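Coordinate analysis (summary)
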Amino acid sequence: AQSVTQPDIHITVSEGASLELRCNYSYGATPYLFWYVQSPGQGLQLLLKYFSGDTLVQGIKGFEAEFKRSQSSFNLRKPSVHWSDAAEYFCAVGPMDSSYKLIFGSGTRLLVRP
Amino acid sequence: EPEVTQTPSHQVTQMGQEVILRCVPISNHLYFYWYRQILGQKVEFLVSFYNNEISEKSEIFDDQFSVERPDGSNFTLKIRSTKLEDSAMYFCASSDGLAGEQYFGPGTRLTVT
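Heads up: these notes are all about the structure in this document. (Residues numbered from 1 in each chain as written. Chains lettered and ligands numbered in written order. Predicted model: local features only at pLDDT ≥ 70, side-chain atom pairs only at ≥ 80, totals over all residues. Heavy atoms only, no water.)

**Description of the state of the cysteines**
Residues and elements named next belong to chain B. Evaluation of the coordinates by the stated rule reveals 2 disulfides over all chains. Residue C23 pairs covalently with C92 via a disulfide, S to S 1.9 Å. With the S-S bond torsion at -65°, the cross-link from C23 to C92 turns out left-handed. On the criterion of sequence distance, the pair formed by C23 in strand β3 (residues 19-24) and C92 in strand β9 (residues 88-95) is long-range, its members being 69 residues apart. When sorted by exposure, C23 lands in the same class as C92, which is buried. (Disulfide = S-S within 2.5 Å. Helix = DSSP H or I, 4+ residues; strand = E, 2+ residues; numbered from the N terminus. Buried < 20%, exposed > 50% of the residue type's maximum accessible area, 1.4 Å probe, protein only.)

**What about the pairing of β3 of chain B?**
Residues and elements named next belong to chain B. With burial as the criterion, only one face of β3 is covered, namely that bearing V19, L21 and C23; the residues I20, R22 and V24 on the opposite face remain uncovered. The sheet contact formed by strand β1 (residues 5-7) and β3 spans 3 bridges and is antiparallel. Within β3, the position partnered with Q6 by the bridge is C23. By the bridge criterion, 5 bridges tie β3 to strand β8 (residues 75-79) in an arrangement that is antiparallel. When the sheet's bridge partners are listed, C23 is paired in β8 with F75. (Pairing = 2+ DSSP bridges.)

Right, here's the structure in full:
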């Protein structure tokens with residue numbers, strides 16, 4: 001069965017430092033991959049997506065992610081974190097085969113130190 | 001920019017009562033979804049809806065749940081007899097195609113007492 005793993009429950013970085021959030025997926029083929037962000041009390045906002053082609057994808061708010069097929073990973077990065085980036089970040093895969101659903105990871109909560 | 005809207009933002013209900021959560025998807029989208037997120041847990045798929053019928057549902061989506069698109073703009077989730085464990089944030093989403101990204105609404109927080 002398809003699954004998504006985000007191994008880090010919490011990450012704390014200093015404002016201005018770089019950030020990398022890890023995401024690994026389990027699926028036989030190359031899935032569609034997404035990163036969503038959820039600010040406290042808010043809905044899910046799409047940061048970026050990978051469907052095919054260039055494995056480095058750019059998203060909103062200065063985020064990027066790199067798809068690595070050999071590692072089944074789709075890690076999210078940002079070169080310089082801002083205090084407003086503090087939120088929960090979810091990696092997701094899908095739709096795939098005949099399934100319409102997105103499968104989400106358990107999320108990584110990002111805390112930003114001033 | 002078009003967005004998915006959901007009402008109400010917070011619903012409190014007593015166990016055993018029926019609730020209807022409402023969503024207005026993005027107007028030219030054809031695929032509609034409900035997800036839920038129990039506090040502190042991951043977002044879970046409930047159901048997808050296309051061409052006026054359910055296209056997929058999860059194990060969570062039992063006989064107590066139903067969905068409907070009563071008119072050209074609204075998409076609703078009904079829980080017939082709520083249980084304490086139905087307390088969660090419910091997200092509606094829509095997409096313009098099977099492989100399209102899903103746009104999520106702000107959610108309805110359902111509290112069952």
